[in-house]
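Notes for the structure review
The primary structure of each chain is shown beneath.
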Amino acid sequence: MSEDSAYRVCEADGKGRICTAKRPLPPETDVLTTQPYAFALFDSFRKRVCAACLLYNEDGVWNLRCVPCDQLYLCSAKCQTRLIASAHHLVCPALKRLASFKGNSHEKSVIKILLMTMFRRFAEAGGLLPPLPLSSVLRDSLAETNKPTSTQVPEQSDFEYPESPQTDVTPFWVPSRSHFPQSNSESQSVDKNSPDDELTWSSMILLESHYSDWPVSDVRDWRKTKAFLVKLLLDCELFLESDIESAKLMTLATSASGGAMVSEIAKMEKLGDFCLDLVSRIESNAFGLWNAKGICMGRAVFPIASFFNVMSSNSFFKIILTVKKHSCDPNCESVQSKTKLTIRTTREVNQGQFTI
């Protein structure tokens, strides 16, 4: 482990997982710089915020978009190429279905983050399909809303579809190098050395879920959405085989007493519980994405940053809908620059002191 690592993730009685300083830190120290594991823009901002780099268009809508789903708008040819490299075509139909989903902005943003979280886990597990041929991707998935100038986008013939995720083009997600999957019951301290370390499914399941403690009203409100989520993920084939097998094992007793039909219903119920458990992790740990005018454009999950109970800086980043109790006298703040989030100390932090 690198001695330069400034913090450690550990368990604290009654507080769950938290970050502590490994050594004394002076003010204005950048403790963590990270990218989101997954993010989602609100529908009202999707045309003005680049779906790849989160650049906000002060003058109007961006010229590039995915035509089939009409949910992702892009600021440049570079971000368009990143979209292709990220295999957007695998979740494009699901995003199109979400566009007509009847729900409030909060619910839809959580579902979008859940979809992209499952997609990223699918990629980490080695489930990415071979890329589509260039002509098919460009013809069926991406197009321009307005005719661009030559400086905005090169001709389609100039695009080269990446042959694999190991390309010079940086996709939205970075495939995991290790530790997939891990148990949610891990409680030992973990030294973190680089931003890539927390960009894995392993870090997502470290986040606290309150699903088992939901009030009856919340369970009832999400019941219809629960079935929708399961069908959406099944249609996209984003459940892993282990998810399906686990659900089947948990329904064996039901199958013996009620038959195949009851067993299938019970399996879907278990998959739905898996989805709502992830929904709770997202709701309890999501950060708001704010523009320079202090308007929230969407939401994002930064797994390790969630263990810092941080105040916002210049209204760029704020935590919303978190269940954790945050300090009224924090010693760190969060600063956003497009997709990058930095946790920075605001005063001296002693070794071992919780950086909250």
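Residues numbered from 1 in each chain as written. Predicted model: local features only at pLDDT ≥ 70, side-chain atom pairs only at ≥ 80, totals over all residues. Heavy atoms only, no water.

**Some thoughts on the overall build of the protein**
Helix and strand counts for the protein stand at 8 helices and 14 strands. Counting every position in the protein, which comprises 356 residues, the buried fraction comes to 50%. Intrachain contacts of the protein at a sequence separation of at least 6 include 68% that bridge at least 24 residues. Carbon and sulfur atoms provide 52% of the accessible area of the protein, an area that totals close to 17,100 Å². (Helix = DSSP H or I, 4+ residues; strand = E, 2+ residues; numbered from the N terminus. Buried < 20%, exposed > 50% of the residue type's maximum accessible area, 1.4 Å probe, protein only. Contact = heavy atoms within 4.5 Å. Areas by Shrake-Rupley, 256 points an atom, 1.4 Å probe, with all protein chains shown as cover.)

**Looking at helix 6 (residues 216-235)**
Between its first and last C-alpha atoms helix 6 spans 29 Å; for 20 residues at 1.5 Å apiece the expected length is 28 Å, and the two agree. Largest kink in helix 6: about 45°, centred on Arg223. Taken together, the buried positions of helix 6 are Trp222, Thr225, Lys226, Phe228, Leu229, Val230, Leu232 and Leu233. Phi for Glu237, located one or two positions after helix 6, is positive at around 60°. (Expected span 1.5 Å × (residues − 1). Bend = angle between axes of the 7 residues up to and from the residue.)

**Points about the pattern of salt bridges**
Think of it this way: side chains of opposite charge can pair up when their charged atoms draw near. Here the structure, examined in full by the defined rule, presents 16 salt bridges. Here Lys226 makes a salt bridge to Asp273, at a shortest N to O gap of 2.7 Å. Of this pair, Lys226 sits in helix 6 while Asp273 is found in helix 8 (residues 252-285), placing the two residues 47 residues apart along the sequence. For Asp273, a relative accessible area of 23% gives the class partly exposed. For the salt bridge of Glu245 with Lys248, the shortest nitrogen-to-oxygen distance reads 3.9 Å. Of this pair, Glu245 and Lys248 both sit in helix 7 (residues 241-249), separated by 3 residues, roughly a single helical turn. A network of salt bridges, in which partner residues are shared, links Arg223, Lys226, Glu269 and Asp273. (Salt bridge = Lys/Arg side-chain N within 4 Å of Asp/Glu carboxyl O.)

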